[in-house]
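Secondary and tertiary structure notes
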Amino acid sequence: MTIGEQVAAARWGGDNGLLNTRGDLFANDATHIPLELPRLSGPDGTQAAVVQRYITMRDRLVELGMRITALRLDARGAWQMDLDNGVTVRLGRQQLDERFNTFVATAARIVAQRATDIAYVDMRYANGFAIGWRSAGAGAAKNGGDARNV
């Protein structure tokens, strides 16, 4: 029997699951979970895919000064991530890489400047993205109009 050390890379699903960097679920009922670990979730059997997607996104966002606190893959195949500034980014099911690249290239700058005003960024549009403001009128008042669709 071989014993190897596991290094927790993320929380999985509920509050007590731990994943390593390969996406292996090595603890289902951990009692001590570091709070700084991101929370990843998805249907059974998707752990490795979610971890790989997280690592790819994490590395690009760190360069922008952003950190992913949660990444979710739902049963329909739609992706969504939460950032450490409180903004949720909806990426959807299709063209994930293109949508993420668009977020990094354009929407991330707006999020960095206005994170306290933004509740979510919806990247599921063919020709752009939409911003959901935290309070109705926050974006409109500061931008001179309704800035929900960018």
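Residues numbered from 1 in each chain as written. Predicted model: local features only at pLDDT ≥ 70, side-chain atom pairs only at ≥ 80, totals over all residues. Heavy atoms only, no water.

Each helix and strand counted, the protein has 3 helices and 9 strands in total. Reading the protein from its N terminus to its C terminus gives the helix and strand order β-β-β-β-α-β-β-β-α-β-β-α. Summing over all exposed atoms, the protein offers an accessible surface of approximately 8,600 Å²; the carbon and sulfur share of this is 48%. (Helix = DSSP H or I, 4+ residues; strand = E, 2+ residues; numbered from the N terminus. Areas by Shrake-Rupley, 256 points an atom, 1.4 Å probe, with all protein chains shown as cover.)

The next point concerns the nonpolar core. Of all hydrophobic cores here, the largest spans 34 residues; its most connected members are Leu40, Leu61, Leu71, Met81, Leu83, Phe103 and Val121. In terms of residue count, helix H2 (residues 96-114) provides more of this core than any other element does, 7 residues in total. Sequence-distant contacts of Leu61, that is, excluding residues within four places in its chain, are made with Met66, Ile68, Met81, Leu83, Phe100, Phe103 and Val104. (Core = buried A, V, L, I, M, F, W, Y, C linked by side-chain atoms within 4.5 Å. Buried < 20%, exposed > 50% of the residue type's maximum accessible area, 1.4 Å probe, protein only. Contact = heavy atoms within 4.5 Å.)

The interhelical angle for the contact between helix H1 (residues 47-62) and H2, taken along N-to-C directions, is 20°, at an axis separation of 11 Å. Overall, the two elements H1 and H2 adopt an arrangement that is roughly parallel. For the pair H1 and H2, the sense of crossing is right-handed. On H2, the residues touching Arg53, Met57, Arg60 and Leu61 of H1 are Leu96, Asp97, Phe100, Asn101, Phe103 and Val104. Classifying every residue of the contact of H1 with H2 gives 6 nonpolar, 1 polar and 3 charged. (Axes fitted to C-alpha atoms, helices over the stretch in contact; angles between N-to-C directions. Parallel < 35°, antiparallel > 145°, perpendicular 65-115°, else oblique. Left-handed = near helix turned anticlockwise from the far one by under 90°. Nonpolar A, V, L, I, M, F, W, Y, C, P; charged D, E, K, R; others polar.)

Below, the discussion takes up the packing of aromatic side chains. Counted under the stated rule, the structure contains 0 aromatic pairs. The ring of Trp79 has Arg53 sitting right over it, with the charged end atom 5.8 Å from the ring centre. Note that Arg90 overlies the ring of Tyr120, its terminal NZ or CZ placed 3.8 Å from the centroid. (Phe/Tyr/Trp six-rings, centres within 6.5 Å; stacked < 30°, edge-to-face > 60°. Lys NZ or Arg CZ within 6 Å of the ring centre and 35° of its normal.)

Another aspect to go through is the pattern of salt bridges. By the definition in use, this model includes 6 salt bridges. In this structure, the salt-bridge partner of Asp59 is Arg58, at a minimum N-O distance of 3.1 Å. Across the pair Asp74 and Arg76 runs a salt bridge, and its minimum N-O distance is 3.9 Å. Owing to a relative accessible area of 32%, Asp74 belongs among the partly exposed residues under this scheme. Residue Arg76 is classed as exposed on the basis of its relative accessible area, which comes to 54%. (Salt bridge = Lys/Arg side-chain N within 4 Å of Asp/Glu carboxyl O.)

Backbone geometry follows two general trends: most residues other than glycine have a negative phi, and most peptide bonds adopt the trans configuration. Its identity as a non-glycine residue notwithstanding, Gln95 has a phi of 50°, on the positive side. Its location among the elements puts Gln95 in the loop between strand E7 (88-92) and H2.

Once that is clear, we can look at the side chain of Arg99. Note that Arg99 resides in helix H2. Buried within the structure, Arg99 lacks any salt-bridge partner; Asp122 is the closest side chain of opposite charge, at an N-O distance of 6.8 Å. For Arg99, the side chain forms a polar contact with the main-chain oxygen of Gln94, separated by 3.1 Å. (Lys, Arg positive; Asp, Glu negative; His and termini not counted. Polar contact = N/O pair within 3.5 Å; in protein donor to acceptor, adjacent residues only side chain to side chain.)

On average, residues of the protein score 83 in pLDDT, and 79% of them reach the 70 mark or higher. Highest mean pLDDT in the protein belongs to E7 (98); lowest belongs to helix H3 (residues 138-143) (45). This stretch, residues 139-150, has a pLDDT under 50; its non-local contacts, to residues over four places away or in other chains, come to 23 contacts. (pLDDT = per-residue confidence, 0-100.)

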